[in-house]
Amino acid sequence: MLFNNLSKVALALVVTLFLGACATQQATTTTKGDDAYTGTETVKFLADGVPDRVFFSTNKSELTSAATTTLGKQATYLKANPTLNVVLEGHADERGTREYNLALGERRAIAAKNYLISNGVAANRIKVISYGKEKPANPASNVLAWSQNRRTVTVKTN
Amino acid sequence: MRYKIFTIFILFFILTTKSFALVSVDITRGNLDPLPTAISDFYLDPKLIDNIKKLQLESKIPELIQNNLSRSGLFFALEKKSFIQKPEPAHNKPRFEDWAFIKTQVLVTGKISLEKEGRLRVEFKLWDVISATELSALAFYTTPDNWRRVSHMISDKIYERLTGEKGYFDSRIIYVSETGPKVDRKKRLAIMDQDGYGVKYLTLGNELVLTPRFSPASQHVTYMSYFKNLPRVYLLNIETGIQDLVGDFPGMTFAPRFSPDGKKIIMSFAQEGNSDIYTMDIKTRVVEKLTDHPSIDTSPSYSPDGSYIAFNSDRSGFQQIYTMKSDGTNVKRISFGEGLYGTPVWSPRGDLIAFTKLYRNKFYIGVMRSDGSGERLLTENYYQEAPSWAPNGRVLIFYRETASDSSGRGGGAKLWSIDLTGYNERLIQTPTDASDPSWSGLLSGK
């Protein structure tokens with residue numbers, strides 16, 4: 001009887017420890033997962049209802065569905081204003097080596113550019129520049145700031 | 001600005017004694033007892049003119065030597081006030097019992113005298129107090145205002161004689177000086193002697209400058225600049241201050257370094273989301289593409305003999321370190337540990353590759369052999385990256401950043417150095433915040 005109870009307690013303990021370990025594991029993993037910023041802070045607007053930026057997960061340059069929605073709006077806006085030209089600025093957060101972050105910023109800018117082009121915006125209206133981690137939108141050192149800094153910003157050049 | 005180069009003539013004087021010296025320093029051992037060292041003031045020839053006497057080189061030169069040797073962590077300099085013998089007799093005929101009495105194991109003495117045409121002759125001697133022998137004697141000829149270089153060269157000779165390894169004191173460091181708020185950082189290229197003296201700014205700070213590197217002869221610098229808002233690699237002549245765009249690339253070029261023979265610049269070129277590694281011959285302007293992969297390939301580093309290149313690639317999905325032959329063939333991944341790896345730098349000795357590692361939200365500076373084996377982490381921090389080797393391949397310089405608070409204040413960057421053994425971690429004083437350090441070769445070229 002006692003043994004049965006003990007073994008149940010032991011099992012409960014093991015399961016708790018295991019779950020606890022899993023939770024810790026996820027909290028310290030920074031390279032995987034989808035942590036693209038989904039808020040509205042730092043976001044500016046090219047025009048009513050057209051956000052000027054899209055956000056990315058850590059180490060990633062893939063467009064989230066929120067990103068494609070925003071870029072779709074940008075494409076519509078740009079097609080309606082065919083004399084406007086833009087530069088897409090790609091950025092990375094500060095939690096990475098400087099040179100790799102320059103390349104990652106470029107990749108993020110190109111990802112947005114390719115989406116705009118595939119939605120009808122002429123390629124010669126779009127320039128691209130990477131700032132790596134050199135120009136954070138949010139200078140704080142926390143997870144929120146870093147997510148706000150992993151971005152591609154569309155800037156009108158004329 | 002100009003960097004005047006004065007020729008220094010070295011006269012090899014008395015040959016060194018046999019090197020079975022009881023006194024020696026093993027720099028590869030982990031737990032080190034610094035060698036007790038006495039550096040006497042030098043003896044000034046009384047015939048020196050007043051102009052030179054005013055410079056007080058008899059104490060300034062030994063002070064610089066002492067600072068160098070102490071900073072290496074391998075030598076423990078004894079206090080001058082405990083010295084019994086005066087500089088002149090100590091140099092000409094040291095009474096070893098006097099020096100053994102204060103428990104020093106080596107002694108450095110010197111003499112400064114005038115040569116023709118206002119040049120100085122600086123002679124030093126290195127003595128083994130325990131075996132009562134002279135280990136080294138050398139003389140340097142130079143102009144008085146070049147006394148710092150002479151002090152660094154003497155420091156190197158002492159270091160070399162006692163450790164068996166080349167020194168690293170006659171060298172410079174280039175870095176990026178940072179000021180201002182994080183959202184609008186002002187960055188300038190800065191160079192200084194490796195002991196922090198003589199900081200000079202090479203750019204004005206009107207545009208961002210990043211990741212500078214010295215040419216092997218240290219007369220040129222390559223770096224990345226956002227001049228005219230176009231991120232590109234540039235070549236700067238330190239003496240003339242003239243900056244040239246490297247190549248005519250239709251997109252961002254970055255992460256530049258020189259080849260060991262100084263003839264080429266190797267760098268990354270980003271196009272359509274893909275960064276590949278290219279070289280450009282500085283004279284002929286011929287461009288060679290070395291990697292051809294849709295991944296990000298960057299942070300290239302030549303082996304000292306120029307036959308291999310280590311680089312950073314995320315072709316496996318995440319940042320790892322690879323090597324390839326200098327013609328781009330034979331690509332091999334060499335980092336396999338947990339975490340992300342970046343900024344590989346090949347040691348001037350050819351034996352090790354230093355790197356930055358990010359694992360579980362912490363940054364590490366580490367080394368591994370060129371086949372990836374023997375990975376050893378030297379230091380851990382909230383944020384640090386970009387190690388660069390001292391010319392003797394025994395010390396690494398890198399930079400650290402601190403976290404800023406929720407309003408963006410407090411984040412700063414500073415240069416640090418650490419020995420290959422993982423010991424002697426030191427903050428390097430700079431007048432402003434500093435990042436992206438790179439160590440020159442020995443200025444004498446050897």
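Residues numbered from 1 in each chain as written. Chains lettered and ligands numbered in written order. Predicted model: local features only at pLDDT ≥ 70, side-chain atom pairs only at ≥ 80, totals over all residues.

Colleague: What is the right way to look at the overall build of chain A in this model?
Modeller: Across its full length, chain A holds 4 helices and 6 strands. Each helix (α) and strand (β) of chain A, taken in turn from the N terminus, gives the series α-β-β-β-α-β-α-β-α-β. By the burial criterion, 44% of the 158 residues in chain A qualify as buried. Sequence-distant contacts, at least 24 apart, represent 70% of the contacts inside chain A between residues at least 6 apart. (Helix = DSSP H or I, 4+ residues; strand = E, 2+ residues; numbered from the N terminus. Buried ≥ 20, exposed ≤ 12 C-beta atoms within 10 Å, placed from the backbone. Contact = placed C-beta atoms within 7 Å.)

Colleague: Would you mind showing me how to read the overall build of chain B here?
Modeller: Looking only at helices and strands, chain B has 5 helices and 31 strands in total. The C-alpha radius of gyration computed for chain B amounts to 23 Å, which stays within 12% of the reference 22 Å derived for 446 residues, consistent with globular compactness. Summarising its shape, the C-alpha atoms of chain B cover approximately 70 × 50 × 45 Å along the three principal directions. Within chain B, buried positions represent 49% of all 446 residues. (Rg over C-alpha atoms; globule rule 2.2 N^0.38 Å.)

Colleague: I'm lost on the interface of chain B and chain A in this one. Help?
Modeller: It is common to give the size of an interface as the accessible area lost on bringing the parts into contact. On the chain A side, the residues contacting the 37 residues of chain B number 25 residues. Sorting the residues of the side of chain B that touches chain A by element identifies β11 (209–214), β15 (253–258), β16 (264–271), β19 (297–302), β23 (340–346) and β27 (384–389) of chain B as the ones contributing at least two each. Per-element accounting of the side of chain B that touches chain A gives the leading share, 3 residues, to β23(B). Taken together, the residues of the side of chain B that touches chain A break down into 14 nonpolar, 17 polar and 6 charged. (Nonpolar A, V, L, I, M, F, W, Y, C, P; charged D, E, K, R; others polar.)

Colleague: So what exactly am I meant to see when it comes to the nonpolar core here?
Modeller: Here is a general trend for soluble globular proteins: nonpolar side chains tend to be buried in one another's company. Residues and elements named next belong to chain B. Tyr223, Ile265, Met267, Ile353, Ala354 and Leu396 are the most contacted members of the largest nonpolar core, which has 82 residues in total. Excluding residues within four positions of it along the chain, isoleucine 353 makes contact with Ala310, Ile321, Pro344, Val345, Trp346, Val367, Met368 and Ser370. Grouped together as the second largest cluster of nonpolar side chains are 35 residues, Phe75, Ile112, Leu120 and Ile158 included. (Core = buried A, V, L, I, M, F, W, Y, C linked by C-beta atoms within 7 Å.)

Colleague: Help me understand helix α2 (residues 57–71) of chain B, please; the structure alone is not making it clear to me.
Modeller: Working note: α-helix, 3.6 residues per turn, so residues spaced by three or four point in the same direction. Residue and element names in this part refer to chain B. If you check α2, its first and last C-alpha atoms are 21 Å apart, about what 15 residues at 1.5 Å a residue would give, namely 21 Å. Listing the buried residues of α2 in full gives Leu57, Ile61, Pro62, Leu64, Ile65, Gln66, Asn68 and Leu69. Elements in contact with the buried residues of α2: β2 (35–39), β4 (75–77), β5 (106–114), β6 (120–128) and α5 (147–163). Glycine 73 sits one or two positions beyond α2 and adopts a positive phi of about 80°. (Expected span 1.5 Å × (residues − 1).)

Colleague: Explain the sheet that holds strand β6 (residues 151–156) of chain A to me, please; I cannot follow it from the model alone.
Modeller: Strand pairing in a sheet takes place through backbone hydrogen bonds and is either antiparallel or parallel in direction. Residue and element names in this part refer to chain A. If you trace the 4 strands from one edge of the open sheet to the other, you get β3-β6-β4-β5, paired in mixed fashion. Pairing within the sheet leaves two strands with one partner each, and these edge strands are β3 (53–55) and β5 (126–132). Each strand of the sheet is rotated relative to its neighbour by a mean of 15°, with strand direction disregarded. Bridge count between β3 and β6: 3 bridges; the pairing is antiparallel. Note on β6: the bridge partner recorded for valine 54 is threonine 152. Of the strands in this sheet, β3, β4 (86–91), β5 and β6 are in contact with helix α3 (residues 98–118), which crosses β5 at around 155°. (Pairing = 2+ DSSP bridges. Axes fitted to C-alpha atoms, helices over the stretch in contact; angles between N-to-C directions.)

Colleague: Please explain the packing of α2(B) against α5(B) as it appears in this structure.
Modeller: For any two helices packed against each other, one specifies the crossing angle of their axes together with the interaxial distance. All names here are of chain B. At their nearest, the axes of α2 and α5 sit 9 Å apart, and the two run at 45° to each other. Considering the angle they form, α2 stands oblique to α5. Crossing of α2 over α5 shows right-handed handedness. The segment α2 lies against α5, with Leu57, Lys60, Ile61, Leu64, Ile65, Asn68 and Leu69 engaging Trp147, Arg148, Val150, Ser151, His152, Ile154, Ser155, Ile158 and Tyr159. Residue composition of the contact of α2 with α5, by class: 10 nonpolar, 4 polar and 2 charged. (Parallel < 35°, antiparallel > 145°, perpendicular 65-115°, else oblique. Left-handed = near helix turned anticlockwise from the far one by under 90°.)

Colleague: Looking at this model, I keep getting lost on the pairing of β6(A). Mind explaining?
Modeller: Consecutive side chains along a regular strand alternate between the two faces of the sheet. Bridge count between β4(A) and β6(A): 5 bridges; the pairing is antiparallel. Opposite A:Gly90, over in β6(A), you have A:Thr152 as the bridge partner.

Colleague: I'm lost on the confidence of the model for chain A in this one. Help?
Modeller: Segments scoring low in pLDDT should not have their predicted coordinates read at a detailed level. Per-chain confidence: chain A averages 87 in pLDDT, with 80% of residues scoring 70 or above. The model gives residues 18–31 of chain A a pLDDT under 50, and that stretch makes 8 contacts with residues more than four places away or in other chains. (pLDDT = per-residue confidence, 0-100.)

Colleague: Can you help me understand α3(A) in this one?
Modeller: All names here are of chain A. Spanning 21 residues, α3 covers 31 Å between terminal C-alpha atoms, matching the ideal 30 Å at 1.5 Å per step. With respect to burial, α3 is a largely interior element, 18 of its 21 residues being buried. Phi turns positive, to about 100°, at glycine 120, one or two residues after α3.

Colleague: Looking at this structure, how should I read the sheet that holds strand β10 (residues 200–201) of chain B?
Modeller: All names here are of chain B. Reading across the sheet, the 4 strands line up as β10-β9-β8-β31 and stay open at both edges, with antiparallel pairing between neighbours. The open sheet terminates on both sides in strands that have one partner only, identified here as β10 and β31 (433–439). As judged from the 8 bridges shared by strand β8 (residues 172–179) and strand β9 (residues 186–193), these two strands associate in the antiparallel manner. Across the sheet, residue glutamate 178 finds its bridge partner in β9, namely lysine 187.

Colleague: What exactly am I supposed to notice about the domain arrangement of chain B here?
Modeller: In terms of domain boundaries, chain B breaks down into domain 1 (9–163) and domain 2 (173–246 + 319–439). For domain 1 of chain B and domain 2 of chain B, the distance between their C-alpha centroids amounts to 33 Å. (Domains from an automatic or database assignment.)

Colleague: Could you clarify how one ought to interpret the confidence of the model for chain B in this entry?
Modeller: Here chain B averages 92 in pLDDT, while 93% of its residues score no lower than 70. Residue range residues 9–21 of chain B is modelled with pLDDT below 50. Its contacts to residues more than four positions away, or to other chains, number 19 contacts.

Colleague: Could you clarify how one ought to interpret the environment of B:Leu427 in this entry?
Modeller: All names here are of chain B. For leucine 427, the position within the fold is in strand β30 (residues 426–428). Once the C-alpha coordinates of leucine 427 and isoleucine 397 are considered, the two residues, 30 residues apart in sequence, prove to be 9.7 Å apart. Aside from chain neighbours lying at most four places away, what touches leucine 427 is Lys414 and Trp416.

Colleague: Can you help me understand the pairing of β4(A) in this one?
Modeller: Across the 6 residues that make up β4(A), a large majority, 5, are buried. Each parallel crossover has a hand, and for β4(A) linked through α3(A) to β5(A) it is right-handed. (Right-handed = clockwise from strand over helix to strand, strands pointing away.)

Colleague: Explain the packing of helix α2 (residues 65–80) of chain A against α3(A) here, please?
Modeller: All names here are of chain A. One way to put it is that α2 packs onto α3 with a least axis distance of 9 Å and a crossing angle of 55°. The angle between the axes of α2 and α3 places the two elements in the oblique class. Considering how the two elements wind past one another, α2 and α3 form a crossing that is right-handed. When α2 is examined against α3, the residues Thr68, Leu71, Gln74, Ala75 and Leu78 are found in contact with a partner set consisting of Ala112, Tyr115 and Leu116.

Colleague: How do you make sense of the environment of A:Gly49 when you look at a structure like this?
Modeller: All names here are of chain A. With respect to the secondary-structure elements, glycine 49 resides in the loop between β1 (45–47) and β2 (50–51). Judged by the 9 C-beta atoms lying within 10 Å of it, glycine 49 is exposed. In the structure, glycine 49 is positioned 35 residues away from leucine 84 in sequence and 17 Å away in space, judged by C-alpha atoms.

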